[in-house]
Amino acid sequence: MTPHVAAPDPQAGAAVKAADRAHVFHSWSAQGLIDPLAVAGAEGSYFWDYDGNRYLDFTSGLVYTNIGYQHPRVVAAIQEQAGKLATFAPAFAVDVRSEAARLIAERTPGDLDKIFFTNGGAEAVENAVRMARLHTGRHKVLSAFRSYHGATSTAINLTGDPRRWASDTGSAGVVRFWAPFLYRSPFYSETEQQECERALAHLEDTIAFEGPATIAAIILETVPGTAGIMTPPPGYLAGVREICDKYGIVFVLDEVMAGFGRTGKWFAAEHFDVVPDLMTFAKGVNSGYVPLGGVAINAEIAATFDKRPYPGGLTYSGHPLACAAAVATIQVMEDEKVVEHAAHLGENVLGPGLRELAERHPSVGEVRGLGVFWALELVKNRETREPLVPYNAAGEAAAPMAALGAAAKKNGLWPFINMNRTHAVPACNASEAEVKEGLAALDAALSVADEYTA
């Protein structure tokens, strides 16, 4: 697929932006301080504006366009479904809904064979937690500090990053703990094994002091996404699984961002040989073409609701257009070997390329990731590991990262930037040439970040 840019039309772009500024209320933003780019189109790994500027998208939207923009087979599937049955209520059996559930269940680990559909990842987390609480008769849920689980009521309280602060009531039954992160270890570890052992001991101590019989679930992103792409050390997730089994706690893995090929496996849990009791998904399930998420449920928890109604649901649960997009996306990923390609990119192109950048740029403190799911930890000083910008920096304090972003865009790369990190998360089916193009643009941008190092 060859990306193209239509003839520039700045006047049309100005009209789009004017309407946006007059009527659209944007998420996570001070409305008067933002200047959204007016997008004219997108295809494959690229998008472009009305001035004719084309960008290689190293963000995959919000890490969800796993097969790129406008894949013709998925677009055609949505069009065909719209002509056949555009919508139908969730209480009925609909062929495309059943097929989407079957295809998802075939790929989830273990016996996660029942699928509850939602409109997105946050609702998936909300319902997974509700299921765990009803199944166990307990209320508390443990989550990690460095995490993001969504912006709905329970999900935002489970979130560990600063976006929760304004909405955190402190009354949602959430207890937070430190998950492993060797580069900035809260346990003063020197090796991955130490970090794993100490993190598990800390978790079990937290459970002991909170009261095991009060805890319904532990929720973890298999590989944390926006919080930093910290791949857990060997043995950690298996250790959490053992702790959950020991105390009768439901183990929930959040695969909203890491799932559907992003790490070079259908689900990131496969890297660690661990099977949760509940698994949330969204984003890559249909490359974000129509909103869709869900919870994959094991047999034991599903049986809880065989004779007892599950007290939850959504008007658009398993929406036919969204499910048609999911069916087509999964088929494309199979036919085009997208998951295998993502693994290849990570092992042979993106990972080595990022590590090579780290050797040349003093601003890069650490490179970490899997598949097409990578982060560069940017620092002022490699020895002290002081972040390039302070935690949750804004305004002038965030200037170094803003300069990095501006430099990347000037070179035709749209970067993913969060706090003191830039993430490299291109489409799972990006070509080697596209990834190398992104690395070259990132190389130039990191030279700007280097200017802020000590």
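These notes cover the structure that comes with them. (Residues numbered from 1 in each chain as written. Predicted model: local features only at pLDDT ≥ 70, side-chain atom pairs only at ≥ 80, totals over all residues. Heavy atoms only, no water.)

Turning our attention to the overall build of the chain. Helix and strand counts for the chain come out as 13 helices and 16 strands. Expected size for 454 residues packed as a compact globule is a radius of gyration near 22 Å; at 22 Å, the chain falls within 12% of this value. Reported as C-alpha extents along the three principal axes, the dimensions of the chain are approximately 60 × 60 × 45 Å. Residue burial in the chain is summarised as follows: out of 454 residues, 55% are buried. For the chain, long-range pairs separated by at least 24 residues make up 71% of all intrachain contacts whose partners lie at least 6 apart in sequence. (Helix = DSSP H or I, 4+ residues; strand = E, 2+ residues; numbered from the N terminus. Rg over C-alpha atoms; globule rule 2.2 N^0.38 Å. Buried < 20%, exposed > 50% of the residue type's maximum accessible area, 1.4 Å probe, protein only. Contact = heavy atoms within 4.5 Å.)

What follows is about the pattern of salt bridges. Under the defined criterion, the tally for this structure stands at 21 salt bridges. Two residues, glutamate 377 and arginine 184, come together in a salt bridge whose shortest N-O distance is 2.8 Å. Residue glutamate 377 is found in strand 12 (residues 373-381), and its partner arginine 184 is found in the loop between strand 6 (174-177) and helix 7 (192-210); the two are separated by 193 residues along the sequence. Notably, a salt bridge pairs glutamate 356 with arginine 360, separated by 3.2 Å at the nearest N-O pair. Separated by four residues within a single helix, glutamate 356 and arginine 360 lie in helix 11 (residues 338-360), roughly one turn from each other. Connected via shared salt-bridge partners are Glu99, Arg102, Glu106, Arg107 and Glu334. (Salt bridge = Lys/Arg side-chain N within 4 Å of Asp/Glu carboxyl O.)

Glancing now at the packing of helix 7 against helix 8 (residues 236-247). Contact pair helix 7 / helix 8: the axes reach a minimum separation of 10 Å and the direction vectors enclose 25 degrees. Comparing their axes, helix 8 and helix 7 come out roughly parallel. Two packed elements cross with a definite hand, and for helix 7 against helix 8 that hand is right-handed. Residue-level inspection shows Cys196, Ala199, Leu200, Leu203, Glu204 and Ile207 of helix 7 in contact with helix 8, the latter providing Tyr236, Gly239, Val240, Ile243, Lys246 and Tyr247. When the residues that make up the contact of helix 7 with helix 8 are grouped by side-chain class, the tally is nine nonpolar, one polar and two charged. (Axes fitted to C-alpha atoms, helices over the stretch in contact; angles between N-to-C directions. Parallel < 35°, antiparallel > 145°, perpendicular 65-115°, else oblique. Left-handed = near helix turned anticlockwise from the far one by under 90°. Nonpolar A, V, L, I, M, F, W, Y, C, P; charged D, E, K, R; others polar.)

Residues Ile218, Leu220, Tyr236 and Leu354 are the most contacted members of the largest nonpolar core, which totals 105 residues. Here this core takes eleven residues from helix 10 (residues 320-335), the largest share from any one element. When neighbours within four sequence positions are excluded, isoleucine 218 is seen to be in contact with Leu142, Phe177, Leu203, Ile207, Val240, Cys244, Ile249, Val250, Phe251 and Val252. Among the nonpolar cores identified, the runner-up in size contains 25 residues, and Ala124, Met131, Leu158 and Leu314 belong to it. (Core = buried A, V, L, I, M, F, W, Y, C linked by side-chain atoms within 4.5 Å.)

Right, let's get into the pairing of strand 10 (residues 293-297). For strand 10, a buried count of five out of five residues is recorded, marking the element as mostly surrounded by other parts of the structure. The side-chain alternation of strand 10 yields two buried faces, one formed by Gly293, Val295 and Ile297 and the other by Gly294 and Ala296. Pairing of strand 4 (residues 114-118) with strand 10, which is carried by five bridges, proceeds in the antiparallel orientation. Looking at the pairing, phenylalanine 116 lines up with valine 295 of strand 10. Of the pairings in the sheet, the one linking strand 9 (residues 278-281) to strand 10 comprises four bridges and is antiparallel in character. (Pairing = 2+ DSSP bridges.)

This part is about the sheet that holds strand 4. Read across the sheet, seven strands follow the order 4-10-9-8-7-5-6 without closing on themselves; strand pairing throughout is mixed. Looking along the sheet, the strands with just one partner apiece sit at the ends: strand 4 and strand 6. Neighbour to neighbour, the strand axes of the sheet diverge by 20 degrees on average, direction disregarded. Contacting strand 4, strand 5 (140-144), strand 7 (215-221), strand 8 (250-254), strand 9 and strand 10, helix 5 (residues 121-136) crosses the sheet at an angle of about 165 degrees to strand 9.

This paragraph deals with the environment of asparagine 298. For asparagine 298, the location among the structural elements is in the loop between strand 10 and helix 9 (299-304). Residue classification places asparagine 298 among the buried residues on the basis of a relative accessible area of 6%. The spacing of asparagine 298 and phenylalanine 209 is 89 residues in sequence and 28 Å in space, taken between C-alpha atoms. Those residues in contact with asparagine 298, other than ones at most four positions away along the chain, are Asp111, Leu112 and Asp277. A polar side-chain atom of asparagine 298 sits 3.3 Å from the main-chain amide nitrogen of glutamate 300. (Polar contact = N/O pair within 3.5 Å; in protein donor to acceptor, adjacent residues only side chain to side chain.)

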